[in-house]
Amino acid sequence: MATNELWTPERIPDPFAGVAKLLFDWIPLLLLVLGWEVVSGRAVSESVLPPPTAVAAATVDLFATGEVVPHLAVSLLRVGVGLSLSIVVGVLLGIGMSQSEAVENFFDVFLSLIYPLPKTALVPLALLWLGIGTKTAVLIVFLACLLPIVMNANNAAENVDRNLIRSARMMGTSDRRLFWKVVIPATIPEILTGIRQAIPFAFISLISAELIASEQGMGRLIRDAGSLGRYPAMFATIVIISAVAYTAVYGFEQVRERVLVWT
Amino acid sequence: MDGSIGISNLEKVYGEGTERTKAIDDLSFDIDGGEFVSVVGPSGCGKSTLLYIIAGFLDITDGTVSVDGTPIDGPGTDRGVVFQDYALFPWRTVKENVLYGLEEAGVPDEEADATAQRFIDMMDLSGFENKYPKELSGGMKQRVALARTLAYDPKILLMDEPFGALDQPLRETLQDQLIDIWGDLDKTVVFITHDVEEAVYLSERVMIMTRHPGTKKTVTEVDLDRSGPREDIVTSDEFTRKKNEVWRSLREETKSEVQP
Amino acid sequence: MDVDVRSLGASSIVDSLKSIYSLVLLLVLWEAVTRMGLIYPYFLPQLSVVIHEFVVLVSTGQMIHAAYLTLMRAFVGLAGAAVAGVAVGILCARNALFEWFFDPLIKIGYPVPVISLVPVFMLWFGIGDVSKIIMVAVGTFWPIAVNARDATRQVEQNLIRSARMMGTGDRRLLWRVILPAASPGIFTGLQIATPIALIITFVFEMVAGGGGLGALEIAGVRGFNSAQTYAVIFAIIAIGLVLDRLLRAARTRLLDWT
Ligand SMILES: Nc1ncnc2c1ncn2[C@@H]1O[C@H](COP(=O)(O)OP(=O)(O)O)[C@@H](O)[C@H]1O
Ligand SMILES: [Mg+2]
C-alpha cells in the first residue's frame, strides 16, 4: 500500500511524529467541517444545512434531554437481535447445507430467490404480517444479514481442507467430534467475513424499516425531526447512528483480527 | 547507437530512517555494445535492483549509469526488460501483447502485424495468437514476454531470471533460442540468473556479485566455442573449468552468509 | 461480495426437480392453505389471486411504468456514481494529494448508513426524481470509489513498467494500462453498488411516493390490497434475478481474460 508521500516525518522529533501524522491525516475532515461551518448561513440557508456547531449542540441536547435514548435503545436492540438471529441461523444453515444434501436441496432454491432481491423491498410485506414496530425491523435486519453469512459459512464448510479432516480421522477423531473440532474452527474466519459483510446491511435495513414502518427508533426520529423542521436534531440523529455504525464496523474488524490470530 | 552500458560508482539505497537499506554499494562495470553478460549472486544481493536501475525504473542514489555514453533518464524504448513474472497484459491476447510496443511506436498497422507475427513464429507461438495469457503455460508466457520485448526492437535486452520458474528441458530449449536470437539480432544482453551453468553456457562474461549490499566481486571471461551442439559444449573441459570458477567465487559469498 | 450462488439450472431434470421441489411444495401449500381459508386473506391472499393481480398490473401498464421509474432512477444515479466513483478512486490510488484528502473521507463516509439521508434529501432536493437520483448517486459512490481505489492500488507495478519501457507516457498510461488492469475490481464495485441503488430507490419511493415499484408496493399495504404488494414483490424478484444474471453475463463477456 502506498505510503503518504506528502508526509515526511523526519522533520519532526520522534515522540511527536505519531501524533502529528495523525493530525495531518485528519486535516481533510477538519477542512470539510470548517467549510460546512462557513458555508452554512452564508451560501445556503441555515435551516437547509445547519452548521456543525448547531448539529453538535443538538447532539448534546438529544442526550441531555434524554430524547434520543429510547430511540437509540430500541434501534440497538433491533439491530442486535436481527444480526444475532442471522448469525445463528446463517451458520447453522450454511454448515448444514454443506453436510446434508437434503438440507441443501430444500433451502437452495429459496436462497437463490432472495439473493438478488434487495431486502428492503420486503419491508411492506413484513409490515403486512407483523405490523409497525420492532418485529418488522428485526425481520428485515435478519433477512438482509442472513445471506452473506450463509454463503460464507457454506463456502468455508464445503472447502474445509480434506487433509485436515484426514489427519484428524487418522488420529481417531469421531465424526461428531470432527465436526466440532475441525469443521467449525476451520470455518470461523469465513463466518467472520460474512458477519463483516452483513453489518452495513444490518444498519441500512434497520434504518429503512424504521423510516417506513416504525413509531420509534433512530430512523423514525430522523424522519420526525425532518418533518417538524428540527433540522439540527435531524442531522444530529444521523451523526449518532453513523457513529454507531462506524463503531460496529471498525470494532468488529478489531475483534476479527484478534480472533484470527489464533485461528 | 551501439547499446553499450556504463556503470560507475553506482549506489542504491532503499527507504529512509530505520527502514534504510543499502542494496548496491559502489559498483562499476562496463558492458560493450552487442555483448552478452550474465550477473550471478546470492539472493537479495541486488541483482534485480541493478537491472531495474539500468531499465530506468528506479532512481539512482549515487554514481552514474549511462547507455551509449548518455546518462539514463527513466525508461526508454532502447532498453527492453523481460520480467521474471512475465508481466504480460492479461487483458490482451498473445498477438495484442506482442503488438503493444509497435502500437506505441506508431508503426503502421500492416507492418506492425507482420513484425508481431514474425516474432510469434520465431518463438513457436503460432496458433496461440488469440489466446489470453491465463490460457498459457509458464514456458509459453515467458516466450510471449520475450517476443513482446523483441518486437519493438530495443538495442539492449535486460532479463531478470527469465527461465527461473521453468523445468529443465524447457530451460534448455529457451536458452538455445536466446543464443540464436542474440546472434541474429545483434543485441546487448544483460542476463540475471542464480544458475551458474546457465550463466556460463549463455554468456561471454559473468559478473559475480557480493552478498548484500551487492557490488561487483569478480568477472569471469567465458571463451567457449559455441558452434557445436549443446552436449559438446557442456561436456567440454573449458565449460567445466569456467563453471567451477564461477561456482567457487559464488560459493564464497553464499557461505559467508551463514557465518557470523 | 463475489460469492457464488449455485445456479437454478441443474445438469439433469432430476437434479433440477430435487432443487426446486421445496419451492413447488411451498407454492402448492400456499394455494391450498389460503383456499381452505386458514389464513386471513389480507395477510396472504391466494396465490392465484396474486398471479391474477400481477397480470392485471402488467396489462394495464401500471407495473411497467412503475418498473421504468424505479430502474430509471436507480440507473441514472448509478451511472453518475460510477463516473465520479471511478475517477475519485483512481485519483486516490495514483495521486498523493488526492489520497491525503479523500482517504479519511472515505474511511468516515463508507460506513455511514446512507439510507438515513433520505429525509435530508427530501429537505434539500424535494421528493421528485432528481432528489432520488442524487440520493442513489451519493449512496453508491462509496462502494464504487473504494473498489476502484483498491483495484488501482493493486495494479502490478511491473505491468506499468512494461508499458513505460515500450513507450507509454503518463497520459496514455491510464487508458492503456491502469483502467484495463483495474477493471475487474471496478466491475466488482458496480456489482456491489447495483443492489444498493435499488435498495435506496425502493425505500425513497416508499417514504416519499412519486411512483415506482416501492410506492406501488407500499400502496398495496395502505390500501388493504395485499395482492398488489405480493405481485410487486414477484416483479422485484424477477428484476433482481434478471439484473444479477445480466451483470454476471456482462462480466464473463467483458472480462473473459480474467
Ligand atoms: N522496494 C524495495 N524497498 C526496500 N528494499 C528493497 C526493495 N527492493 C529490494 N529491496 C532490498 O534490496 C536488496 C536487493 O534486492 P533485489 O535487488 O531484489 O535482490 P536480488 O534480485 O538479487 O534477489 C534486498 O535486501 C531487498 O530486501
Ligand atoms: Mg531478483
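Residues numbered from 1 in each chain as written. Chains lettered and ligands numbered in written order. Predicted model: local features only at pLDDT ≥ 70, side-chain atom pairs only at ≥ 80, totals over all residues. Heavy atoms only, no water.

Under an unreviewed UniProt entry, the name given to chain C is NitT/TauT family transport system permease protein, and the organism recorded is Halarchaeum rubridurum. As its UniProt record puts it under Subcellular location (unreviewed entry), chain C is described as follows: "Cell membrane". Per its UniProt entry, chain C bears the Sequence similarities (unreviewed entry) comment "Belongs to the binding-protein-dependent transport system permease family." (UniProt positions renumbered as here; feature names shortened; annotations may be inferred.)

In the annotation of an unreviewed UniProt entry, chain A is listed under the name ABC transporter permease and assigned to Halarchaeum rubridurum. Its UniProt record gives chain A the following Subcellular location (unreviewed entry) comment, quoted word for word: "Cell membrane". Checking UniProt for chain A, the heading Sequence similarities (unreviewed entry) contains the comment "Belongs to the binding-protein-dependent transport system permease family."

## Some points on helix α8 (residues 175-212) of chain A
Each full turn of the α-helix corresponds to 3.6 residues, which orients residues three or four apart in the same direction. Along its 38 residues, α8(A) runs just 48 Å from first to last C-alpha, ending more than 12% under the 56 Å computed at 1.5 Å per residue. The sharpest bend along α8(A) measures roughly 45° and falls at I188(A), with the proline P189(A) sitting one to four residues further on. (Helix = DSSP H or I, 4+ residues; strand = E, 2+ residues; numbered from the N terminus. Expected span 1.5 Å × (residues − 1). Bend = angle between axes of the 7 residues up to and from the residue.)

## Observations concerning the UniProt feature "transmembrane region" (unreviewed entry) in chain C
Residue and element names in this part refer to chain C. The UniProt record marks residues 20-43, 50-68, 74-93, 105-127, 173-204 and 224-243 with the feature "transmembrane region" (unreviewed entry), using the residue numbering of this structure. Along residues 105-127 one finds 57% helix and 0% strand; the C-alpha atoms at either end are 27 Å apart. In residues 224-243, the share of helix is 90% and the share of strand is 0%. The end C-alpha atoms are 30 Å apart.

## Comments concerning the pattern of salt bridges
Scanning all chains against the criterion turns up 33 salt bridges over all chains. Here E253(A) ties to R196(A) by a salt bridge, and the two come within 2.6 Å at their closest N and O atoms. A residue pair is termed long-range when its members are at least 10 positions apart, and E253(A) in helix α10 (residues 231-262) and R196(A) in helix α8 qualify at 57 residues. Using a relative accessible area of 16% as the deciding quantity, one classes R196(A) as buried. Across the salt bridge formed by E99(C) and R153(C), the nearest N and O atoms sit 3.3 Å from each other. Here R153(C) lies in helix α6 (residues 129-153) and E99(C) lies in helix α4 (residues 96-109), a separation of 54 residues in the sequence. (Salt bridge = Lys/Arg side-chain N within 4 Å of Asp/Glu carboxyl O. Buried < 20%, exposed > 50% of the residue type's maximum accessible area, 1.4 Å probe, protein only.)

## Describing the sheet that holds strand β4 (residues 62-67) of chain B
Residues and elements named next belong to chain B. Strand order in the open sheet formed by four strands is β2-β1-β4-β5, with antiparallel pairing between adjacent strands. Strands at the two margins of the open sheet, each flanked by one partner only, are β2 (21-31) and β5 (70-71). The pairing of strand β1 (residues 5-14) with β2 spans seven bridges and is classified as antiparallel. The partner of I7 across the bridge, within β2, is F29. The strands touched by helix α1 (residues 47-55) are β1, β2 and β4; relative to β1, the strand with the most contacts, the crossing angle is about 120°. (Pairing = 2+ DSSP bridges. Contact = heavy atoms within 4.5 Å. Axes fitted to C-alpha atoms, helices over the stretch in contact; angles between N-to-C directions.)

## Focus on the environment of I191(A)
Residues and elements named next belong to chain A. Its location among the elements puts I191 in helix α8. Overall, I191 belongs to the buried group, its relative accessible area being 10%. Separated by 26 residues in sequence, I191 and G217 have C-alpha atoms that sit 29 Å apart. With sequence-adjacent residues up to four places away left out, I191 is seen in contact with V91 and A153.

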